[in-house]
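Secondary and tertiary structure notes
Next come the chains, spelled out residue by residue.
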Amino acid sequence: MTSPQQFLLPDVGEGLTEAEILAWSVRPGDVVEVNQIIVEVETAKAAVELPSPYAGVVSALHAEVGDLLPVGRPLITIDTDASGEAASGEPDGGAVQQPDAEQPALLVGYGPQGTGNGRRRRRPANPAQPQRADSVEASAPEPAATRPAAKPPVRKLAKDLGVDLTTVAPTGPGNTITREDIHEAARGASPQTAPTPALDAPRTSETRVPIRGVRKHTAAAMVASAFTAPHVTEFIAVDVTATMRLRELVAGRREFRDLRVTPLLFFARAFLIALAKTPEANSSWDEAAQEIVLKHYVNLGVAAATDRGLVVPNIKGADRMPLLELAQALADLTATARAGRTSPQGMTGGTVTLTNVGVFGVDTGTPILNPGEAAILAVGAVRRMPWVVQDDDGNERIEPRWGTQLALSFDHRLMDGRQGSELLAHTAQILHEPGLAML
């Protein structure tokens with residue numbers, strides 16, 4: 001007697017409603033163990049690998065690669081019969097059990113939340129892909145195909161260029177497919193097999209890219225923020241020569257030698273110190289309760305540009321971290337974000353945000369608030385520039401200094417002009433003279 005179990009798509013983040021199927025790691029007929037990775041999905045915030053909550057034989061996949069599945073809809077059916085015999089497409093009588101009848105404790109936090117209205121297709125299924133198990137007649141399962149190893153950004157690039165990953169020869173570590181492999185495969189398309197366009201055929205002058213994943217989430221969040229919170233942006237130019245000297249001293253210390261000590265570390269530290277004197281900047285507006293929520297902790301968001309789009313992971317409890325711990329947290333956050341492996345939990349719960357537009361050579365900008373936050377600080381490029389310097393006798397001279405520009409956007413419902421100006425000025429003062437942090 002078989003015992004089929006359905007695993008519903010869980011809410012892997014905070015209030016996420018859907019996820020796109022990126023890649024299946026199993027096929028009908030495969031034997032799986034508890035906590036074995038069975039599928040990779042992309043939510044609005046991150047690419048996530050989901051483990052199996054059951055041990056048994058896969059009897060049905062309820063979505064194809066490219067499908068957009070609502071949270072709470074069936075994802076996979078696993079026959080938990082201990083015999084390990086391949087499922088035949090139709091369970092041995094009896095109704096398929098839902099996961100809430102038997103949810104393993106090993107997967108705490110993966111429980112489904114609510115149900116959706118149905119599955120939406122994002123793109124036509126690849127004809128070369130195996131058909132869904134629940135849409136074909138019962139038959140003996142095919143042997144599992146080897147899944148090409150590639151990171152989500154590489155898979156996205158392959159989709160955009162129309163490259164089949166199964167035809168690409170991997171050259172990366174551990175036989176993984178790299179971006180260079182994808183570009184090489186795209187360039188290596190045989191010209192003899194490509195159709196020859198007619199001489200009078202119109203040239204393609206535009207490309208349409210589906211709005212999905214991180215881009216879709218970012219667009220919705222920025223529109224909601226821009227048209228909900230009344231933004232004010234202020235700017236200040238700062239002589240950060242003393243901070244740059246401090247950076248050199250810190251980078252030379254033994255405990256920091258394995259870390260990349262960048263100016264951003266000191267901008268973050270100065271901002272965190274200044275926030276302590278302007279608590280309104282670390283608050284949120286509760287429209288439903290008509291209350292201002294003052295946070296007594298700082299989860300510092302750091303905007304990161306990735307191949308999948310802009311993400312804003314945050315460092316939990318950043319205000320309580322000494323400089324070394326903050327440096328390690330920044331390094332980990334950046335590496336994880338660039339690899340596309342930031343967890344959904346890592347991108348929720350932020351209270352204020354820091355964005356480094358200077359890394360692109362930009363001097364300043366007008367940053368848009370992360371939804372639910374009161375302030376965001378943009379840091380411009382740090383450059384050598386002529387600066388008017390005054391000595392103790394009041395004499396002025398021009399000399400080359402390290403300078404940058406800061407831009408602070410804040411929610412005018414939560415902060416008035418005085419509070420916003422004080423926060424920006426205090427941050428600049430600490431960067432100009434780091435010794436002020438001792439006060």
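1. Quick word on the overall build of the protein chain
Counting its regular elements, the protein chain contains 7 helices and 20 strands. Burial statistics for the protein chain: of 439 residues in total, 42% are counted as buried. Put simply, of all contacts in the protein chain between residues at least 6 apart along the chain, 67% involve residues at least 24 apart.

2. Concerning the pattern of salt bridges
Under the defined criterion, the tally for this structure stands at 8 salt bridges. Here Asp363 ties to Arg383 by a salt bridge, and the two come within 2.8 Å at their closest N and O atoms. Separated by 20 residues along the polypeptide, Asp363 in the loop between strand S17 (352-356) and strand S18 (375-379) and Arg383 in strand S19 (residues 383-390) bring together distant segments of the chain. Asp363 gets classed as partly exposed once you look at its relative accessible area, which sits at 34%. Since its relative accessible area comes to 32%, Arg383 is described here as partly exposed.

3. Structural notes on helix H5 (residues 263-275)
With 13 residues, H5 extends 19 Å from end C-alpha to end C-alpha; this agrees with the ideal 18 Å at 1.5 Å per step. Buried within H5 are the following residues: Leu264, Leu265, Phe266, Phe267, Ala268, Ala270, Phe271, Leu272, Ala274 and Leu275.

4. Some points on the pairing of S18
With 5 of 5 residues buried, S18 is to be regarded as a mostly interior element. Of the two faces of S18, the one carrying Ala375, Leu377 and Val379 and the one carrying Ile376 and Ala378 are both buried. Sheet analysis places S17 next to S18, joined by 4 bridges and oriented parallel. Looking across to S18, one finds that Thr353 is bridged to Ile376.

5. Focus: unusual backbone geometry
With phi around 75 degrees, Asn35 is a residue other than glycine that occupies positive phi space. As for its placement among the helices and strands, Asn35 is situated in the loop between strand S3 (31-32) and strand S4 (37-42). The phi angle at Gln290 is positive, at roughly 55 degrees, despite the residue not being glycine. With respect to the helices, strands and loops of the structure, Gln290 is situated in the loop between strand S11 (283-286) and strand S12 (291-294).

6. Remarks on a nonpolar patch on the surface
A cluster of nonpolar side chains, Trp285, Ile292 and Leu294, forms an exposed patch at the surface whose accessible area comes to about 270 Å². By secondary structure assignment, the location of Ile292 is in strand S12. The class of Ile292 is partly exposed, set by a relative accessible area of 45%.

7. Section: the side chain of Glu20
Structurally, Glu20 can be placed in strand S2 (residues 18-24). Residue contacts for Glu20: discarding those within four places in its chain leaves Glu40, Val41, Glu42, Gly66, Asp67, Leu68, Lys159 and Arg212.

8. Description of the pairing of S4
For S4, a buried count of 5 out of 6 residues is recorded, marking the element as mostly surrounded by other parts of the structure. Where S2 and S4 come together, 4 bridges link them in antiparallel fashion. The residue of S4 that forms the bridge with Trp24 is Val39. Bridge count for S4 against strand S5 (residues 47-51) is 5 bridges, and the pairing is antiparallel. Paired with Val41 across the strands is Val48, a residue of S5.

9. So, the confidence of the model for the protein chain
Overall, the prediction assigns the protein chain a mean pLDDT of 81, with 79% of residues at 70 or greater. Counted against residues more than four places away or in other chains, residues 190-198, with its pLDDT under 50, gives 0 contacts.

10. Remarks on the packing of H5 against helix H7 (residues 417-432)
Contact geometry for H5 and H7: axes closest at 9 Å, N-to-C directions at 130 degrees. The angle between H5 and H7 falls in the class oblique. For H5 against H7, the interelement crossing comes out right-handed. Between H5 and H7, the contacting residues are Phe266, Phe267, Ala270, Phe271, Ile273, Ala274 and Leu275 on the first element and Leu423, His426, Thr427, Ile430 and Leu431 on the second.

11. Here's the deal with the sheet that holds strand S6 (residues 56-61)
The strand order across the open sheet formed by 4 strands is S1-S8-S6-S3, and the pairing between neighbours is antiparallel. Of all strands in the sheet, those bounded by a partner on one side alone are strand S1 (4-8) and S3. Bridge count between S1 and strand S8 (residues 74-79): 5 bridges; the pairing is antiparallel. Bridge pairing in S8 links Gln5 to Ile78.

12. Brief notes about the side chain of Asp181
Along the chain, Asp181 falls in helix H2 (residues 179-187). Separated by 3.0 Å, the side chain of Asp181 and the backbone nitrogen of Thr178 make a polar contact. Residue contacts for Asp181: discarding those within four places in its chain leaves Val168, Ala169, Pro170, Thr171, Gly172 and Thr176.

The rules behind the values
Residues numbered from 1 in each chain as written. Predicted model: local features only at pLDDT ≥ 70, side-chain atom pairs only at ≥ 80, totals over all residues. Heavy atoms only, no water. Helix = DSSP H or I, 4+ residues; strand = E, 2+ residues; numbered from the N terminus. Buried < 20%, exposed > 50% of the residue type's maximum accessible area, 1.4 Å probe, protein only. Contact = heavy atoms within 4.5 Å. Salt bridge = Lys/Arg side-chain N within 4 Å of Asp/Glu carboxyl O. Expected span 1.5 Å × (residues − 1). Pairing = 2+ DSSP bridges. Patch = residues over 30% accessible without salt bridge, like charges linked within 9 Å, V, L, I, M, F, W, Y side chains within 5 Å. Areas by Shrake-Rupley, 256 points an atom, 1.4 Å probe, with all protein chains shown as cover. pLDDT = per-residue confidence, 0-100. Axes fitted to C-alpha atoms, helices over the stretch in contact; angles between N-to-C directions. Parallel < 35°, antiparallel > 145°, perpendicular 65-115°, else oblique. Left-handed = near helix turned anticlockwise from the far one by under 90°. Polar contact = N/O pair within 3.5 Å; in protein donor to acceptor, adjacent residues only side chain to side chain.

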